[in-house]
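# Descriptive analysis of the structure
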Amino acid sequence: METDCLFCRIVAGEIPATIVRETDRTLAFRDIGPKAPVHVLVIPKEHYADVTALAGADPGLAGEVLATAAVVAEAEGLGADGFRMIFNTGRYAGQEVFHAHVHLLGGAPLGPMLAT
Ligand code: 5GP
Ligand code: ZN
């Protein structure tokens, strides 16, 4: 655990979050500033700064993060109409929290893939 990492502190239970699913190695919780009716973050419990570090060090765990996100998508009723998963990575993507996470967004039309 990185003591100054927000998401590590959520994993440790030091910061509250609305958890929607937990597996041995992953955690899914609602984004504090939802950008869509359903906005869930799925993370590996282990700290990696971004998806590149995660996939490079432990591709199996990266797969578990995606599998958890897929289960949450179904559980949240997003299967029929679809959803989006986003890994913001680095400065150009506006990554704010440097603990790898995938955004699961859905529940309404999401608009164009990128703001133009
Ligand atoms: P990023 O820009 O790094 O891809 O996304 C970070 C996300 O974390 C943002 O969507 C932001 O709303 C969310 N976030 C920031 N602080 C907290 C928090 O304390 N709790 C929760 N649940 N989400 C947070
Ligand atoms: Zn962390």
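Look above for the structure.
Attention in this report is confined to the structure presented alongside it. Computed from a predicted structure; not experimentally measured.

## With respect to the coordination of the zinc ion (ligand 2)
Here the zinc ion (ligand 2) is held by Cys5 (SG), Cys8 (SG), His47 (ND1) and His99 (ND1), and the distances to it run 2.1 to 2.3 Å. For the zinc ion (ligand 2), the four donor atoms in the first shell make angles of 107 to 116° at the metal, so the coordination geometry reads as tetrahedral. Here the donor residues of the zinc ion (ligand 2) are spaced in sequence according to C-x2-C-x38-H-x51-H. Taken together, the residues span a long stretch of sequence, with cysteine 5 in the segment before helix H1 (6-11) and histidine 99 in the loop between strand S4 (83-86) and strand S5 (102-106) at a distance of 94 residues.

## Comments concerning the nonpolar core
Nonpolar side chains tend to gather and get buried jointly when the protein is soluble and globular. Val40, Val42, Leu54 and Leu104 are the most contacted members of the largest nonpolar core, which totals 16 residues. When contributions to this core are tallied by element, the ones reaching two or more residues are strand S3 (38-44), helix H3 (59-75) and S5. Per-element accounting of this core gives the leading share, six residues, to H3. Apart from residues no more than four positions distant in its own chain, valine 42 is found in contact with Leu27, Ala28, Val65, Thr68, Ala69, Ala100, His101 and Val102.

## Here's the deal with the site of ligand 1
Around ligand 1 there are 16 residues in total, and Arg30, Asp31, Glu96, His101 and His103 lie nearest to it. Within the contact set of ligand 1, an oxygen atom lies 3.0 Å away from a side-chain nitrogen or oxygen of asparagine 88. Between ligand 1 and glutamate 96, the relevant distance is 2.7 Å, taken from an oxygen atom to a main-chain nitrogen or oxygen of the residue. Protein contact buries 85% of the 520 Å² of open area that ligand 1 shows by itself. Those elements that place two or more of their residues in the shell around ligand 1 are H1 and strand S2 (26-30). No other element matches H1, which puts three residues into the shell around ligand 1. Classifying every residue of the shell around ligand 1 gives seven nonpolar, six polar and three charged.

## What to know about the environment of phenylalanine 29
Tracing the chain through its elements places phenylalanine 29 in strand S2. Sequence separation between phenylalanine 29 and isoleucine 19 is 10 residues; the distance between their C-alpha atoms is 4.1 Å.

## Here we look at the side chain of aspartate 31
Its place among the elements puts aspartate 31 in the loop between S2 and S3. Buried charged residue aspartate 31 carries no salt bridge. Nearest counter-charge: lysine 35, at 5.6 Å. A polar atom in the side chain of aspartate 31 sits 2.8 Å from the backbone nitrogen of glycine 33. Every residue in contact with aspartate 31, bar those within four places of it in the chain, is listed here: His39, Val40, Leu41 and His103.

## A short note on the pattern of salt bridges
Applying the stated criterion across every chain yields a total of six salt bridges. Across the salt bridge formed by glutamate 22 and lysine 45, the nearest N and O atoms sit 2.8 Å from each other. Separated by 23 residues along the polypeptide, glutamate 22 in strand S1 (residues 19-22) and lysine 45 in the loop between S3 and helix H2 (51-57) bring together distant segments of the chain. On the basis of relative accessible area, glutamate 22 is assigned to the exposed category, the value being 52%.

Calculation notes
- Residues numbered from 1 in each chain as written.
- Chains lettered and ligands numbered in written order.
- Predicted model: local features only at pLDDT ≥ 70, side-chain atom pairs only at ≥ 80, totals over all residues.
- Heavy atoms only, no water.
- Donors = N, O, S within 2.8 Å, 3.2 Å for Na, K, Ca; no water.
- Tetrahedral: all angles 85-135°; square planar, octahedral: opposite > 155°, others 65-115°.
- Helix = DSSP H or I, 4+ residues; strand = E, 2+ residues; numbered from the N terminus.
- Core = buried A, V, L, I, M, F, W, Y, C linked by side-chain atoms within 4.5 Å.
- Buried < 20%, exposed > 50% of the residue type's maximum accessible area, 1.4 Å probe, protein only.
- Contact = heavy atoms within 4.5 Å.
- Near = heavy atom within 4 Å.
- Polar contact = N/O pair within 3.5 Å; in protein donor to acceptor, adjacent residues only side chain to side chain.
- Areas by Shrake-Rupley, 256 points an atom, 1.4 Å probe, with all protein chains shown as cover.
- Nonpolar A, V, L, I, M, F, W, Y, C, P; charged D, E, K, R; others polar.
- Lys, Arg positive; Asp, Glu negative; His and termini not counted.
- Salt bridge = Lys/Arg side-chain N within 4 Å of Asp/Glu carboxyl O.

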